[in-house]
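Geometric and topological summary
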Amino acid sequence: MAVFPWHSRGRNYKAEFASCRLEAVPLEFGDYHPLKPITVTESKTKKVSRKGSTSSTSSSSSSSVVDPLSSVLDGTDPLSMFAATADPAAPDSSRKRRDRDENSIVGSDFEPWASKRGEILARYTTTEKLSINLFMGSEKGKATATSAMSEKVRTRLEELDDFEEGSQKELLNLTQQDYVNRIEELNQSLKDAWASDQKVKALKIVIQCSKLLSDTSVIQFYPSKFVLITDILDTFGKLVYERIFSMCVDNRSVLPDHFSPENVNDTAKETCLNWFFKIASIRELIPRFYVEASILKCNKFLSKTGISECLPRLTCMIRGIGDPLVSVYARAYLCRVGMEVAPHLKESLNKNFFDFLLTFKQIHGDTVQNQLVVQGVELPSYLPLYSPAMDWIFQCISYHAPEALLTEMMERCKKLGNNALLLNSVMSAFRAEFIATRSMDFIGMIKECDESGFPKDYVNCAEVWVEYTCKHFTKREVNTVLADVIKHMTPDRAFEDSYPQLQSIIKKVIAHFHDFSVLFSVEKFLPFLDMFQKESVRVEVCKCIMEVFIKHQQEPTKDPVILNALLHVCKTMHDSVNALTLEDEKRMLAYLINGFIKMVSFGRDFEQQLSFYVEARSMFCNLEPVLVQLIHSVNRLAMETRKVMKGNHSRKTAAFVRACVAYCFITIPSLVGIFTRLNLYLHSGQVALANQCLSQADAFFKAAISLIPEVPKTINIDGKMRPSESFLLEFLCNFFSTLLIVPDHPEHGVLFLVRELLNVIQDYTWEDNSDDKIRIYTCVLHLLSAMSQETYLYHIDKVDSNDSLYGGDTKFLAENNKLCETVMGQILEHLKTLAKDEALKRQSSLGLSFFNSILAHGDLRNNRLNQLSVNLWHLAQRHGCADTRTMVKTLEYIKKRSKHPDMGHLTELALRLPLQTRT
């Protein structure tokens with residue numbers, strides 16, 4: 001295939017724009033509205049009767065056809081009408097209504113477990129090493145599709161035995177975060193196993209996780225462990241229930257919202273029983289109890305009384321758990337599932353609680369005391385571990401309970417010696433008005449209660465009173481409370497044992513002070529923050545402050561009190577970043593710091609604004625998203641300066657925008673992401689060009705060009721390695737759009753940036769079987785065609801592009817055409833290499849794409865270019881790989897354009913472009 005010369009088509013952009021505009025149609029205003037109903041009158045017509053028909057005519061009266069959008073005018077939304085007429089028996093709508101009904105069994109006044117789990121995880125932490133058993137899986141014993149049912153059951157039981165006999169691996173010396181990560185992996189493994197129809201493996205995972213609840217070796221972490229493990233149990237219970245429910249749905253019927261066992265088909269019942277039988281075969285008590293409790297709801301498929309019969313039995317099972325801490329959390333879980341599926345069965349819930357009271361004295365028994373001695377845990381640290389479970393149990397049994405139940409509870413507390421742990425949970429659970437009417441009785445009981453192990457703590461009182469002070473008093477009184485807390489908690493570093501309470505105090509203060517100038521003028525607020533000496537806790541507090549600031553700060557600020565305080569807060573978050581920090585945590589910290597940066601504005605004092613960005617760069621250099629935000633902010637500052645000066649910079653503002661440009665130029669190389677750097681070089685170069693900083697713009701564009709060879713073949717996108725060529729192609733297309741208006745440097749020759757970029761593209765190692773290089777060359781051809789026009793499509797104000805500099809100079813056009821011919825040669829050579837069976841489809845697609853480029857940008861009055869386009873048309877169809885519909889549409893477009901003035905030569909071209917049919 002010979003090399004063809006390029007001849008660009010002359011473009012009249014204004015005329016092209018005008019031809020693309022919609023035709024204006026004059027309107028007569030009055031009753032007209034585009035959404036008004038359209039009335040169509042049907043006239044009486046005579047139908048031609050078909051042979052053998054007895055009817056020869058038909059008539060219809062006038063009718064009105066309503067535009068569906070017109071119903072908006074009378075207040076009826078067509079989408080609402082559609083929803084109203086939806087089939088009420090559809091499975092999706094049935095499922096949604098069913099979920100709604102089940103979620104509304106208890107009212108909104110019942111605090112859900114989900115609102116408690118976060119506080120428990122934050123409060124009950126440990127620095128000790130933890131261990132966990134991971135399920136390793138087993139490939140043996142898998143039943144084939146042809147196995148008999150009895151053989152399947154036997155195989156599954158063998159698999160369970162295999163699991164209990166050692167198909168697991170113990171991981172030791174885990175940090176708390178490692179432990180949490182492992183539990184999350186198990187949760188995901190459960191979902192994956194279920195999705196891949198490995199139900200026995202899913203059950204093994206749940207059994208394994210349930211066994212962890214018998215381990216109290218790191219006792220301070222037990223409440224958090226309970227939260228994590230029961231999340232997995234909840235997932236399992238939901239999966240089993242939905243699986244059985246789906247078996248009750250077929251094309252003929254759907255279970256009603258409140259179904260009865262009679263509505264359930266035999267297959268679903270058999271599957272449900274199979275699950276309960278498998279669970280009953282679990283040897284150990286604790287996993288057997290927890291796994292059965294997790295699918296308690298499934299009893300609805302078997303009998304109307306199934307749940308009411310199971311609850312007492314499960315309650316009795318808990319009596320076999322010897323450790324009182326493990327026992328109380330098992331009771332809490334039973335209350336959780338009981339309240340979800342049968343909140344009306346209060347007798348079972350109350351029996352569960354009274355069982356606990358009977359065994360409450362075990363807490364002070366020798367077994368527990370010896371365990372605490374071995375672990376080096378004092379009673380004041382041990383007893384609060386019961387609070388989350390007891391608070392939940394009390395909340396469940398007190399929900400909508402009569403006042404008489406509180407009287408009974410108070411009597412039981414007195415019999416147990418006014419135990420502070422019980423008394424605290426009782427007061428937390430029952431309705432405030434019930435407690436208020438007995439306030440003097442409670443005060444007397446509190447006075448007489450035993451404080452050992454559960455003291456009447458100062459900081460817990462302060463935690464409550466600070467909220468009352470914030471609600472009803474001024475910052476002066478809040479400052480007094482904070483000062484008092486500091487006074488009590490500083491001696492002997494008592495604050496180290498009360499971080500959760502101190503965090504709660506901070507959250508309550510910032511929840512009520514949304515004016516940060518007032519908040520930071522509270523004298524003792526920052527000294528209060530200084531009590532958070534543990535880095536992880538200090539960072540969490542700083543994150544809470546920044547979240548509230550971003551949420552409630554409506555206007556940009558330059559208040560020095562706010563800026564100094566929040567810079568300190570952001571610096572604390574930034575300095576916590578190290579090599580082990582997770583990417584998600586880095587993203588969150590960067591988001592918070594960027595939110596602060598965006599809210600800082602010094603108005604027209606642009607120099608002060610730039611000084612702030614310089615300081616921020618030095619403080620937050622380890623978080624790349626923050627540096628990216630700072631570069632964007634400085635670029636925006638330069639453009640705001642241009643806007644204020646209306647593009648006519650003075651000596652002072654010209655120096656200032658050059659300082660902004662220099663800030664970006666020295667900051668971008670410190671970034672790691674290569675496409676981040678490329679795009680910022682391009683963006684910053686555009687800003688420099690807009691501010692008439694031509695040499696600086698050239699420096700940005702050269703830096704971008706020199707960086708392209710470093711682009712790796714794959715890049716990390718959201719944790720997955722993906723090919724980079726598509727991203728490079730997108731960047732280069734944007735780059736070409738900018739290069740159109742970049743004037744040539746007087747010392748570097750014609751189109752020096754384009755030449756450098758073409759050399760880099762030529763030397764870049766592209767992927768095998770990739771056509772991206774040719775797509776890029778096609779874009780270069782478009783750019784060069786646009787550069788050959790007398791007047792360019794767009795310009796930058798006060799910047800002379802090459803159309804002004806060269807003014808249609810023949811030497812410039814000759815150089816441009818040489819580059820075009822070189823690029824065309826590369827494209828045609830690549831098309832030759834695709835003449836293989838496996839590449840014919842690619843050849844057809846690229847050939848048609850190149851044909852369209854010539855059609856859009858080339859001067860087809862040139863005979864050789866005209867002949868090339870014909871050759872490409874035939875190439876696209878040669879092996880039957882072209883899409884016939886696309887070819888037809890293209891040919892129709894050419895014929896249509898040939899009717900325009902100055903386009904008559906396309907008529908002859910259209911005659912030379914046959915459409916080949918496939919045989």
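Residues numbered from 1 in each chain as written. Predicted model: local features only at pLDDT ≥ 70, side-chain atom pairs only at ≥ 80, totals over all residues. Heavy atoms only, no water.

Summing up its helical and strand segments, the chain has 42 helices and eight strands in all. Burial statistics for the chain: of 919 residues in total, 46% are counted as buried. Carbon and sulfur atoms form 53% of the exposed surface of the chain, whose accessible area is close to 48,200 Å². (Helix = DSSP H or I, 4+ residues; strand = E, 2+ residues; numbered from the N terminus. Buried < 20%, exposed > 50% of the residue type's maximum accessible area, 1.4 Å probe, protein only. Areas by Shrake-Rupley, 256 points an atom, 1.4 Å probe, with all protein chains shown as cover.)

This part covers helix α32 (residues 674-690). Taking 1.5 Å of rise per residue, the 17 residues of α32 would be expected to cover 24 Å, and the 24 Å separating its terminal C-alpha atoms lies within 8% of that figure. Most of α32 sits out of view: 13 of its 17 residues are buried. Looking at the residues trailing α32, positive phi occurs at Gln692, about 60°. (Expected span 1.5 Å × (residues − 1).)

Axis separation between helix α38 (residues 810-833) and helix α40 (residues 863-877) bottoms out at 13 Å; the angle between their running directions is 25°. When the axes of α38 and α40 are compared, the pair comes out roughly parallel. Read as a crossing pair, α38 and α40 show a hand that is left-handed. Seen from α38, the contacting residues are Met824, Leu828 and Leu831; seen from α40, they are Leu865, Leu868, Leu872 and Leu875. Among the residues making up the contact of α38 with α40, the classes are represented as seven nonpolar, no polar and no charged. (Axes fitted to C-alpha atoms, helices over the stretch in contact; angles between N-to-C directions. Parallel < 35°, antiparallel > 145°, perpendicular 65-115°, else oblique. Left-handed = near helix turned anticlockwise from the far one by under 90°. Contact = heavy atoms within 4.5 Å. Nonpolar A, V, L, I, M, F, W, Y, C, P; charged D, E, K, R; others polar.)

Next up on the list: the nonpolar core. Ranked by internal contacts, the top residues of the largest apolar core, which has 165 residues, are Leu502, Val509, Phe525, Phe528, Phe596 and Phe850. Sequence-distant contacts of Phe528, that is, excluding residues within four places in its chain, are made with Leu482, Val485, Ile486, Leu502, Ile505 and Ile506. (Core = buried A, V, L, I, M, F, W, Y, C linked by side-chain atoms within 4.5 Å.)

Below, the discussion takes up a nonpolar patch on the surface. On the surface, Phe17, Leu793 and Tyr794 cluster together into a nonpolar patch covering about 290 Å² of accessible area. Following the sequence through the fold, Phe17 ends up in helix α1 (residues 13-20). (Patch = residues over 30% accessible without salt bridge, like charges linked within 9 Å, V, L, I, M, F, W, Y side chains within 5 Å. Salt bridge = Lys/Arg side-chain N within 4 Å of Asp/Glu carboxyl O.)

Scanning all chains against the criterion turns up 25 salt bridges. Taking the shortest distance from any N to any O, the salt bridge between Glu496 and Arg493 comes out at 2.7 Å. The class of Arg493 is partly exposed, set by a relative accessible area of 40%. Ionic contacts of the salt-bridge type, sharing partners, join the residues Arg9, Arg11 and Glu16 into one network.

Looking now at the pairing of strand β7 (residues 714-717). Direction of pairing for β7 relative to strand β8 (residues 720-723): antiparallel, over a ladder of four bridges. The residue of β8 that forms the bridge with Asn716 is Met721. Here β7 folds back onto β8 in antiparallel fashion, the turn holding two residues, of which Asp718 has a positive phi close to 55°. (Pairing = 2+ DSSP bridges.)

This part is about the packing of helix α26 (residues 535-552) against helix α28 (residues 583-598). Interhelical geometry of α26 versus α28 gives an angle of 45° and a closest axis separation of 9 Å. With respect to α28, the element α26 is oriented oblique. Where α26 crosses over α28, the handedness of that crossing is left-handed. Residues Val539, Lys543, Met546, Glu547, Phe549 and Ile550 of α26 form the contact with α28, whose participating residues are Glu585, Met588, Leu589, Tyr591, Leu592, Gly595 and Phe596. Partitioning the contact of α26 with α28 into residue classes produces nine nonpolar, one polar and three charged.

On inspection of all chains with the given rule, the structure shows 37 aromatic pairs. Consider the rings of Phe516 and Phe520, whose centres lie 5.7 Å apart with planes at 50°: the pair is tilted. Per residue, the accessibility class of Phe516 equals that of Phe520, and both read buried. Relative to Phe525, the ring of Phe520 lies with its centre 5.8 Å away and its plane at 70°, an arrangement referred to as edge-to-face. Residues Phe520 and Phe525 agree in their burial class; the two are buried. (Phe/Tyr/Trp six-rings, centres within 6.5 Å; stacked < 30°, edge-to-face > 60°.)

On to the side chain of Asn594. Following the sequence through the fold, Asn594 ends up in helix α28. Looking at Asn594, its side chain comes within polar contact range of the main-chain oxygen of Pro625, at 3.4 Å. Once residues within four sequence positions are removed from consideration, Asn594 is found in contact with Pro625, Val626 and Gln629. (Polar contact = N/O pair within 3.5 Å; in protein donor to acceptor, adjacent residues only side chain to side chain.)

Let us look at unusual backbone geometry. Most peptide bonds take the trans form, and the phi angle of most residues other than glycine is negative. Despite not being glycine, Asp197 has its phi angle at roughly 65°, a positive value. Mapped onto the secondary structure, Asp197 falls in the loop between α6 (176-195) and α7 (199-211). Overall, Asp197 belongs to the exposed group, its relative accessible area being 56%.

Across the chain, the average pLDDT comes to 83, with 84% of residues at 70 or higher. Ignoring residues within four places in sequence, the model shows residues 43-76, a span with pLDDT below 50, making 31 contacts including any to other chains. Note that residues 138-149 has pLDDT below 50 and, in this model, twelve contacts with residues that lie over four places away or in other chains. (pLDDT = per-residue confidence, 0-100.)

As for its position among the elements, Asn350 is in helix α13 (residues 346-358). Judged by relative accessible area, which is 18%, Asn350 ranks as buried. The spatial distance from the C-alpha of Asn350 to the C-alpha of Phe394 is 9.3 Å, given a sequence separation of 44 residues.

Before going further, it helps to spend a moment on the environment of Ser536. In this structure, Ser536 sits in helix α26. For the pair Ser536 and Met573, spaced 37 residues apart in sequence, the C-alpha separation works out to 9.5 Å.

The next subject is the environment of Leu311. Positionally, Leu311 belongs in helix α11 (residues 306-318). By relative accessible area, which is 1% here, Leu311 ends up buried. Along the backbone, Leu311 and Glu347 are 36 residues apart, and their C-alpha atoms lie at a distance of 9.8 Å. Excluding residues within four positions of it along the chain, Leu311 makes contact with Leu296, Leu334, Leu345 and Ser348.

Applying the stated criterion to the full structure yields zero disulfides. The thiol of Cys542 is not disulfide-bonded; the next cysteine sulfur, from Cys570, is found 8.3 Å away. (Disulfide = S-S within 2.5 Å.)

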